[in-house]
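Observations on the three-dimensional arrangement
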Amino acid sequence: MSTAATSSDVARTSRADATRNLFARNPVLGPTAALIVAVVFFSLATSTFANIDNFSFIVQQSIVVATLALGQTLVILTGGIDLANAAIAVFGTLVMTRLTIGHLPSPVALAVGFVACALVATLSGLLVSRIKLPPFIVTLGMLAVMTAVTNLYSQGTTWPVPSGLLTWLGTSLYLFGRIQFTMGMVLAAVLFLVLWFVLSKTAWGRHVYAVGNEPEAARLTGIHIDRTLVSVYAVAGVIYAFAAWMALGRTPTADPNAYQTGNLDSITAVVIGGTSLFGGRGGVVGTVVGALIVAVLRSGLTQMGIDSNYQNLATGVLVIAAVAFDQATRRRSS
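To keep things clear, this report deals only with the structure shown in the data block. (Residues numbered from 1 in each chain as written. Predicted model: local features only at pLDDT ≥ 70, side-chain atom pairs only at ≥ 80, totals over all residues. Heavy atoms only, no water.)

**Re the environment of L94**
- For L94, the location among the structural elements is in helix α4 (residues 85-101).
- Sequence spacing of L94 and D255 is 161 residues, and the spatial spacing of their C-alpha atoms is 7.4 Å.
- Not counting the four nearest positions on each side in its chain, L94 is found in contact with T150, Y153, S154, W159, A254, D255 and P256. (Helix = DSSP H or I, 4+ residues; strand = E, 2+ residues; numbered from the N terminus. Contact = heavy atoms within 4.5 Å.)

So, in structure tokens, the structure goes:
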């Protein structure tokens, strides 16, 4: 009897260890399970959640923050953080809009906006890599700088976005004549696929993970750490420019005060999606899942009539739980 009980305990322990190891090797599994549970719960708890139009609206609401979070993922994978990403994107919306209003062809204005966002983010990367300043301090300072520059450049007012190329990503289409989607959603999906491929299938992607996981070991294997860091921030800046373009398609006004919590929202999506704040672990699949979790949570709780303060409380608890889970996983791995 005792031997049988011991064997049963050993089997249960082995299954538990195997489950923990599975989640440790695949950090996206936990967020995916949480997303499925949330969708099922809100579908049962409300009569309005489980319909195609609502799901489409949830995705449309989340694409700007999700795109910011894609760039944020790259930075966090290197062990850094970017508090200025939303401010850079808002600056991009003003540059694109004002240049177009000033009779510059919209493709040229769009290109200038992309270059501006990439240059600002690259400057952050140079300060982090060359001067060895902490990413938190660099991007906190850049947040203040870009907020001030954006307000000065916009003269403190919102600007109407000329229709055409700048608002094109807000164009709605219908799949099977029923499922609404926008060109912004298509572009976000393309960005996700490109980043997934680059991170998982290219040498540059392996370098990003190596730098975030163990910088000294990466250096000893011949990886140019400074160059990799600068390239990560530069690519992230281009992604922020795409987020700016999507924002113009969603709301045809360039507002210097828009997306004031976009940096924190993007970090939330990344962390809930299973990417480690300590670098070297995670990916864009989890980030998209994390962004959808936040959007589903807010939509479902709103439809249930839950106060927005409790929605923020629930989101904060999720972030803390995700970080705690990550630390516990790292301890077990070590």
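**Digging into the nonpolar core**
- Among the nonpolar cores identified, the biggest contains 59 residues, and I88 and M246 are the most heavily contacted of them.
- Only α3 (52-77), α4, α5 (106-129), α6 (135-154), α7 (183-201), α8 (203-213) and α10 (225-250) provide two or more residues apiece to this core.
- The element contributing the most residues to this core is α10, with 15 residues.
- Not counting chain neighbours up to four residues away, the residues in contact with I88 comprise C117, V120, A121, M146 and Y240.
- Core analysis: the second largest hydrophobic core is formed by 13 residues, A38, V294, V296 and L297 among them. (Core = buried A, V, L, I, M, F, W, Y, C linked by side-chain atoms within 4.5 Å. Buried < 20%, exposed > 50% of the residue type's maximum accessible area, 1.4 Å probe, protein only.)

**Observations regarding a nonpolar patch on the surface**
- Together, F41, M304, I306, Y310, L313 and V317 make up a nonpolar patch on the protein surface, roughly 580 Å² of accessible area in all.
- No other element matches the 3 residues that helix α13 (residues 308-333) contributes to the nonpolar patch.
- For Y310, a relative accessible area of 54% gives the class exposed. (Patch = residues over 30% accessible without salt bridge, like charges linked within 9 Å, V, L, I, M, F, W, Y side chains within 5 Å. Areas by Shrake-Rupley, 256 points an atom, 1.4 Å probe, with all protein chains shown as cover. Salt bridge = Lys/Arg side-chain N within 4 Å of Asp/Glu carboxyl O.)

**Notes on α8**
- By the burial criterion, the buried members of α8 are G205, V208, V211 and G212. Angular distribution of buried residues about the axis of α8 spans 125°; they occupy a single face of the element.
- Each element contacted by the buried residues of α8 is listed here: α3, α7, α9 (215-220) and α10. (Arc of directions from axis to C-beta.)

**Observations regarding the environment of T251**
- Inspection of the secondary structure assignment puts T251 in the loop between α10 and β4 (253-254).
- Residues T251 and T32, spaced 219 residues apart in sequence, show a C-alpha to C-alpha distance of 30 Å.

**Concerning the packing of α7 against α10**
- Where α7 meets α10, the closest approach of the two axes is 10 Å, and the angle between their N-to-C directions is 165°. Taken together, the axes of α7 and α10 lie roughly antiparallel to each other. Crossing of α7 against α10: the hand is left-handed. Counted together, G184, L187, A188, L191 and L195 of α7 and I239, F242, W245 and M246 of α10 form the full contact between these two elements.
- Split by residue class, the contact of α7 with α10 holds 8 nonpolar, 1 polar and no charged. (Axes fitted to C-alpha atoms, helices over the stretch in contact; angles between N-to-C directions. Parallel < 35°, antiparallel > 145°, perpendicular 65-115°, else oblique. Left-handed = near helix turned anticlockwise from the far one by under 90°. Nonpolar A, V, L, I, M, F, W, Y, C, P; charged D, E, K, R; others polar.)

**Comments concerning α4**
- If you check α4, its first and last C-alpha atoms are 25 Å apart, about what 17 residues at 1.5 Å a residue would give, namely 24 Å.
- Buried residues dominate α4, accounting for 14 of its 17 residues. (Expected span 1.5 Å × (residues − 1).)

**Some thoughts on the pairing of strand β2 (residues 172-175)**
- Relative to strand β3 (residues 179-182), β2 runs antiparallel, the two being bridged by 4 bridges. Counted as the bridge partner of L173 is F181 from β3. (Pairing = 2+ DSSP bridges.)

**Examining the packing of aromatic side chains**
- With the rule as written, the count across this model stands at 7 aromatic pairs.
- One aromatic cluster is present, formed by F41, F42, F49 and F55 through successive ring pairs.
- If you follow R98 out to its NZ or CZ, it ends over the ring of Y153, 4.9 Å from the centre. (Phe/Tyr/Trp six-rings, centres within 6.5 Å; stacked < 30°, edge-to-face > 60°. Lys NZ or Arg CZ within 6 Å of the ring centre and 35° of its normal.)

**Regarding the layout of surface pockets**
- By volume, the largest pocket amounts to about 400 Å³.
- Every residue lining the largest pocket is counted, 16 residues in all, and those nearest its centre are Q61, S62, V65, D265 and R298.
- Among the secondary structure elements, those contributing two or more residues to the lining of the largest pocket are α3, α11 (262-272) and α12 (284-303).
- Of the residues that constitute the lining of the largest pocket, the class distribution is 7 nonpolar, 6 polar and 3 charged. (1 Å grid on protein atoms, 1.4 Å probe; cavity = no way out; pocket = protein on both sides within 12 Å on 5 of 7 lines; lining within 4 Å. Points joined across faces, edges and corners; volume = space filled by probe spheres on them.)

**What about the pattern of salt bridges?**
- Following the criterion strictly, the structure yields 3 salt bridges and no others.
- D226 is the salt-bridge partner of R130, the closest N and O atoms lying 4.0 Å from each other. Taken together, the positions of R130 in the loop between α5 and α6 and D226 in helix α10 put the pair 96 residues apart, joining distant regions of the chain.
- A salt bridge links K132 to D226, with the shortest nitrogen-to-oxygen separation between them at 2.9 Å.

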